[in-house]
Amino acid sequence: MTHSETLFEQAQKYIPGGVNSPVRAFRGVGGTPVFFKHAEGAYLYDEDDRRYIDFIGSWGPMILGHSDPRIKAALHAQVDLGVGYGAPTAIETEMAKKVCELVPSIELVRMVNSGTEATMSAIRLARGYTGRDKIVKFEGCYHGHVDSLLVKAGSGALTLGVPNSPGIPASLAEHTITLDYNDIDQVRETFKDIGNQVAAIIVEPVAGNMNCIPPVPGFLEGLREVCDEHGTVLIFDEVMTGFRVSLGGAQGFYGVKPDLTALGKVIGGGLPVGAFGGKREIMEHISPLGPVYQAGTLSGNPLAMTAGLTTLNAISEPGFHDKLTEKTNKVRDGLKAAADEAGIPLTVQSAGAMFGFFFTSEPSVTTFEQVMACDVERFKKFFQGMLKEGIYLAPSAFEAGFTTAALSDDDIEFTLAAARKVMATL
Ligand SMILES: Cc1ncc(COP(=O)(O)O)c(C=O)c1O
Ligand SMILES: N[C@H](C=O)CCC(=O)O
């Protein structure tokens, strides 16, 4: 038995399914999840001392790579000062200022502890601000495990076949309307009937929880128009895309401003952080300024703020995202070339520093329906083959992949050589 197998056996005795978040359990690919003990730069090292090139980056936060010396130094210094006070600190204002400078639509921002808290709070705020109950989301998009949003959801919910989770009262779920991603005509039709009852449209501006699907031209712009016409709050869930698709997130890249934005992952530099922010007029409805209640014992804690702010400062260096996008494009084009060489139909898509690959002969994948028609069995074989070669990809056909600044040209070449070898066996 490998150490991972032994550890997984023990973990299952005390933790449901042996994991603290379902996609980690490898149910989407089979086999035993790898247990890690150490990470440095582009690499993860498992309990059996095997090295892997990491294309997950802790599900997005590790945009600089693992154990970045700047983050380690800043965290050590903060630990010496104290790990939390439950009272205001200067670094919270520094962080808020930085977020307002970087994200085009954010005028006021509130820190929370996860992406789930960020979307949950944004939805509550939108409902409180508009006095309406209904929300619109898109099938295959995942916004964390918020009750109102776990309806036809992506990510682990889709991988495990429970997109509508039990435990959510029907009387709550009935306020969530789920439409088709990238279909603006359907949104317009729906709003003709019920537009004046909809508090918010929430969308992943690049869908990353049903693999990687960029918005088709006009989709995000159309959502903006529909929301303006009907007094509905437009929420971009940039938990994944924020600071990754570009420094200003997907909204910076596509030039469409939402009313509210949910953030997570990169904003915490690997520590548990989320945030939601947006137009001053809306954000002023949050307590203590307004009546919409939202709070958090550990929100804005100095360790999390330190890791996050150090990350945001590092990625603000000129050219950071151009280089990262270039690396991502090399991975994207190299995977496609490897598949072509082996005669395997594959479509690879990317947006900034996120990417996804689909075993399909469709030239592009823009809808949930197309995602569901892809060859998941072939994905599983490819995943397992790559894992054996020391490449750690997301263990589900419905998750995006991420690149990091630590990934070198040699790492990319190593990855593509592995892909050529594995594609030849599929
Ligand atoms: C787009 C999106 N929104 C929200 C979330 C929830 O974030 P968290 O897992 O930090 O609660 C995630 C990831 O899980 C995500 O990818
Ligand atoms: N797809 C999820 C977030 O982006 C994966 C993280 C998780 O749920 O554990």
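Labelled according to an unreviewed UniProt entry, the protein chain appears under the name Glutamate-1-semialdehyde 2,1-aminomutase, originating from Marinobacter alkaliphilus. In its Cofactor (unreviewed entry) section, the UniProt record describing the protein chain reads: "pyridoxal 5'-phosphate". Recorded in UniProt for the protein chain, the comment headed Subunit (unreviewed entry) runs: "Homodimer."

A few words now on the site of ligand 1. Taken together, Ser-114, Gly-115, Thr-116, Tyr-142, His-143, Gly-144, Glu-204, Asn-209, Asp-237, Val-239, Met-240 and Lys-265 make up all the residues around ligand 1. Between an oxygen atom of ligand 1 and a main-chain N or O atom of Gly-115, the distance comes to 2.9 Å. Against a free-state accessible area of 380 Å², the protein chains account for coverage of 81% of ligand 1. Looking at the shell around ligand 1 residue by residue, the classes come out as three nonpolar, six polar and three charged.

Let's shift gears to the UniProt feature "modified residue: N6-(pyridoxal phosphate)lysine" (unreviewed entry) in the protein chain. Per the UniProt annotation, the sites labelled "modified residue: N6-(pyridoxal phosphate)lysine" (unreviewed entry) are Lys-265. Its place among the elements puts Lys-265 in the loop between strand 9 (260-263) and strand 10 (274-278). Dropping the residues within four chain positions of it, Lys-265 is found in contact with Trp-59, Gly-60, Pro-61, Val-239, Met-240, Gly-270 and Val-273. Within polar-contact distance, the side chain of Lys-265 engages the backbone oxygen of Trp-59 at 2.9 Å.

Calculation rules
In this numbering scheme, every chain counts its residues from 1 along its sequence in written order. Chain letters and ligand numbers both follow the written order, the letters beginning at A and the numbers at 1. Totals for whole chains, interfaces and linings use every residue, but because this is a predicted model, local features are given only for residues with pLDDT of at least 70 and side-chain atom pairs only at 80 or more, for both listing and counting. Hydrogen atoms and water are omitted, and side-chain values are computed over all heavy atoms in the structure. UniProt positions are given in the numbering used here, feature names are shortened, and annotations may be inferred rather than shown by experiment. It suffices for a single heavy atom of a residue to lie within 4 Å of a molecule or strand for the residue to be listed as near it. Polar contacts here mean pairs of N or O atoms no more than 3.5 Å apart (in protein, one a potential hydrogen donor and the other a potential acceptor; neighbouring residues in sequence count only if both atoms are side-chain atoms). All accessible-area figures derive from a Shrake-Rupley calculation using a 1.4 Å probe, and residue coverage is judged against the displayed protein chains alone. Throughout this entry, Asp, Glu, Lys and Arg are counted as charged residues, while Ala, Val, Leu, Ile, Met, Phe, Trp, Tyr, Cys and Pro are counted as nonpolar. The remaining residues, Gly among them, count as polar. Strands are runs of DSSP state E lasting at least 2 residues, helices are runs of H or I lasting at least 4, and numbering of each runs from the N terminus. Here, residues are in contact when the closest pair of their heavy atoms is within 4.5 Å.

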